[in-house]
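Overview (structure and organization)
Here is what each chain is made of, one letter per residue.
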Amino acid sequence: MSAMVRRVLPVGTVTFFFSDIENSTGLATRLGESWPAVLEEHAAVVRGAVSNAGGIEVSTEGDSFFCVFAEAPAALAAALATQRGLEERTWPDDVRLRVRIGLHSGSGTLGGDNYVGLDVHRAARIQAAGHGGQVLVSGATWALIADHPLEGVQLRDLGEHRLKGLEDPVHLYQVVADGLPDQFPPLRTLTAPIRVPVQLTTFIGRRRELEEVLGLLERARLVTLTGPGGTGKTRLAIAAAVEAAPRFPHGVFFVPLDSITDPDLVAPAILGVLGVQQVTGSPEERLVEYLGEKELLLVLDNFEQVLEAASVVSRLLAGAASVRIMVTSRSPLRVYGEQEFPVDPLTVPAPDDLPPAEELERFDSVALFVDRARAVRPDFLVDATNAEAVARIASGLEGLPLAIELAAARVRLLSPRAIVDRLGDRLTLLAGGSRDLPARQQTLRAAIAWSYDLLASPAQTMLRRAAVFIGGFNLDQAETVCHAGETDLDVLEGLGHLVDHNLLRHRDLEGEPRFRMLETIRDFALEELAASGEAAEIERRHAAAYLALAEQARDKMLGPDQTRWLDRLEADHDNIRAAFARAVEQGDASTADRLLWAVWRFWQIRGHLHEGSRRAEAALALPPADRMERCRAYDAAGGLAYWRADFEECRTLYLAALDLARDIGDRALLADALYNSAFVAFQAEPDWEEVAEGEAHLEEALTLYRDLGDRAGVGRALWGQGTLAWMLGDRASIERAAGLFEEASVVYRNIDDVFQLGWTERMLGRALLELGRVDEARVRIRAAIDVFVAARDVSAVTLLLLDCAIIA
């Protein structure tokens, strides 16, 4: 206990002062016998500063002090006096005695002769988040001292931070004062990401269900929210994930699976959301390796389409002991340890036994209807004139959220009574619906069918044709796929009708409208498309549209608009996947080969190597339709194998392309095949005969490119020659390599080939580094980083991190 004279501890709103010495254990070891004297002098400084400012020492433990002040400005003055007093002293062995201080204002509640309550813990956690020499204050303290400025003192806003053991984030400020250090490392706070979709509408009701799901997450490592489409499983899962986030120090990650039907793509999808690249081995192995002992929550949404991937979930649970998984699915996964939670419809009133109109919104279904109705009619109210109709809508739709939202959208044009009248026949029809479907699913189908029936014929055509898109689409693709010359179909007007009726979702992506259909609505629309007899034609248009997009993007993704075109392909990746899968399924080798050639570089840059190689294998298994297209497909597959470090596969594919190119006799095709075949030598332990062969191929390619006037090709050949020279390792070869890279860099700057310029700058940086010209190397590597970070090129950034480590 303190040697100070104890005074009466203040109560009410007080400011707590916590401090301790950073790295005190290390200092004690270093100073040995001098340490007790240092501790004593440190204590004298703290006690003097606290006493002079009118504070009271509550307790001490080792080198830590807990003090209290009746006024927040006095606590700040004591903190500054402590730091200045410690800075002014000279300590043994030239050590730097650094003390971290945390201030927080809150309720001064006494328990015996000490303070108790959450605010004490909050103050201690604030102090623990800082670094030696740093003074941190909470937002509560800031509010009390903002009107009492001290000369030469400012408060730097550090934003909100999550502190260990505290559920709510705390707003923190750093004290910046003349004569004291003001630059420190990042705070020691919880920075776990919470990556769930931002919800643009309110989460209505479900408090009981939310508490139950949170309780299940405490007890079970796999919680599956089940129910038919449209019951609100996803919204409940997102709400639970956000509330549970403080319990997961490594974050919460939402993985949408609504556009995936291939179980083999589930693990890559999770890796993608986590931001983890998978190059070698299986995606499942990489997932287990990455997750390891991490404490995080995965939310796997719409799992019913990929139930065969339940084994992936089992493997994650077995291999990553601290990971918890929440799944939404129309069916349970049926794996060991699964805790199922059926998501029931929202609570509904009994239309024949209604409470007063002002109490009707206590039923979640009515509250949802009113909230969504106000989105289209802000003046909408439930009163005595419409209460019965609103209750009949909610109960007639059995509390299904999607059905209620669809009905609420009609309030723009129809009164609740008119909606009931239009629903009446449809609801009666449900009694004779298909018995092999759950009753609630029949109701959902009927609600969607009702909305569909209310559309004019052109809008119905638009809806069922738009169902061919996966993961969304933009206006250009809608024009190509859904229109095709029909005079009575205005695509923009049709899309507007579907958005107005909540059958399509709309958002802007880089200033362009993009549309997406809810999966339950898409299921219904696909059935209508199949019944229309035009499914094959619409699928053909879809494949042609995305082949055209991919071929348009192929060269543009390497130029000055690289990031925009890569993002465009990323946004439409699911549609490209669908076009590719249909081509393979139908034996359309031409479309498969052309798509492979067009998108392989996107797969490489954005880290889809495993998937790209699988698709390449499927395409090459088809009998070729065109020899030139197949030659390019070999080149694309070889590139994917190279980036996966499968050099045997790379050699086989590149040499197959070279043989075919020589047989075809096209000089441009041959030049590209020669250039690519040289990559067989670009490996960690090259065969020097292959290096010589690679040099010969590059020389032949360079001659062809120059004869053809292909400046980009000339740059590539120069870059390849430089890389082979760099691999030789002796100083003369590396100096030659640097010259070739410089020459290639000039070529790429003149033609705006951003992608190849980035790789040229990178290799020039490596050559300069090995020549001992470190400062020049750093400039080149920095230029390459700027290129590849902007493009989010995971393959390149991985290598550049290694380069930075070598420079360091």
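All residue numbers here refer to positions counted from 1 along the written sequence of the relevant chain. For a predicted model such as this one, the threshold for reporting local features is a pLDDT of at least 70, and the threshold for listing and counting side-chain atom pairs is 80 or more; totals across whole chains, interfaces and linings nevertheless cover every residue. The side-chain values count all of the structure's non-hydrogen atoms but skip hydrogen atoms and water molecules.

1. A look at the sheet that holds strand S15 (residues 473-474)
For two strands to be treated as a pair, DSSP must find no fewer than two bridges joining them. Elements are defined by DSSP. Helices are runs of H or I of four residues or more, strands are runs of E of two residues or more, and each kind is numbered from the N terminus. If you trace the three strands from one edge of the open sheet to the other, you get S15-S17-S16, paired in antiparallel fashion. Across the chains shown, the open sheet's two edge strands, defined by having one partner strand only, are S15 and strand S16 (505-509). Two strands pair when backbone bridges link them, and S15 and strand S17 (residues 512-516) are joined in this way by two bridges, in the antiparallel orientation. Along S17, the bridge assignment pairs Phe-473 with Phe-515.

2. Examining the packing of aromatic side chains
Planes of paired rings set the category: under 30 degrees apart is stacked, over 60 is edge-to-face and the rest tilted, where pairs are Phe, Tyr or Trp rings (Trp by its six-membered ring) whose centres lie within 6.5 Å. Counted according to the given criterion, the structure contains 20 aromatic pairs. The residue whose ring lies beneath Lys-294 is Tyr-290, and the NZ or CZ to ring-centre distance is 4.2 Å. Taking NZ or CZ as reference, Arg-716 lies 5.6 Å from the ring centre of Tyr-675, over its face. Over a ring means this: the NZ of a Lys or the CZ of an Arg is within 6 Å of the ring centre and within 35 degrees of the ring normal.

3. Digging into helix H1 (residues 24-31)
All of the buried residues in H1 are Ser-24, Leu-27 and Leu-31. The arc that holds the buried residues of H1, viewed along the axis, is 60 degrees, so those residues lie on one side. Across from the buried face of H1, at angles greater than 90 degrees, the exposed residues are Thr-25 and Thr-29. Here a residue-residue contact requires only that any non-hydrogen atoms of the pair lie within 4.5 Å. Contact partners of the buried residues in H1: strand S1 (12-21) and helix H2 (35-52). In the stretch just after H1, Gly-32 is the one whose phi turns positive, near 60 degrees. The classification of residues rests on relative accessible area computed with a 1.4 Å probe and restricted to protein chains. Under 20% of the type maximum is buried, over 50% is exposed, and intermediate values are partly exposed. When we speak of the arc, we mean the arc of directions from the helix axis to the C-beta atoms.

4. Quick look at the sheet that holds strand S13 (residues 324-329)
Across a sheet, paired strands are connected by hydrogen bonds in the backbone, their directions being either parallel or antiparallel. Across the sheet, six strands lie side by side as S9-S11-S12-S13-S10-S14; this open sheet has parallel pairing. Because the sheet does not close on itself, it has two edges, and the strands there are strand S9 (194-195) and strand S14 (338-342). Pairing between strand S12 (residues 297-301) and S13: four bridges, direction parallel. Bridging from a neighbouring strand, Val-299 pairs with Met-326 of S13. Where helices are involved, their axes are fitted lines through C-alpha atoms of the stretch in contact, as for all axes, and angles between N-to-C directions lie from 0 to 180°. Relative to the sheet, helix H10 (residues 310-319) contacts strand S10 (222-226), S12 and S13, its axis offset from that of S13 by approximately 165 degrees.

5. Observations regarding the nonpolar core
Take the buried residues of types Ala, Val, Leu, Ile, Met, Phe, Trp, Tyr and Cys, join any two whose side-chain atoms come within 4.5 Å, and each joined set is a nonpolar core. In terms of nonpolar packing, the biggest core is built from 126 residues, with Leu-463, Phe-473 and Leu-596 touching the most fellow members. Among the elements that make up this core, the one with the highest residue count is helix H23 (residues 589-605) (eleven residues). Apart from the residues within four sequence positions on either side, Leu-463 is in contact with Tyr-452, Leu-455, Leu-498, Leu-503, Met-517, Ile-521 and Ala-525.

6. Topic: helix H17 (residues 475-483)
Burial in H17 covers these residues: Gln-477, Ala-478, Val-481, Cys-482 and His-483. Contacts made by the buried residues of H17 are with helix H16 (457-466), S15, helix H18 (491-500), helix H20 (535-556) and helix H21 (562-571). Pairs of N or O atoms are called polar contacts if they sit within 3.5 Å, as long as, within protein, a hydrogen donor faces a hydrogen acceptor (for residues adjacent in sequence, only side-chain-to-side-chain pairs). For H17, the capping residue at the N-terminal end is Asn-474, with a side-chain oxygen 3.3 Å from the backbone nitrogen of Asp-476.

7. What about the pairing of strand S2 (residues 56-61)?
Taken together, the five bridges between S2 and strand S3 (residues 64-69) define a ladder with antiparallel strand orientation. From the neighbouring strand, Ser-59 faces S3, where its bridge partner is Phe-66.

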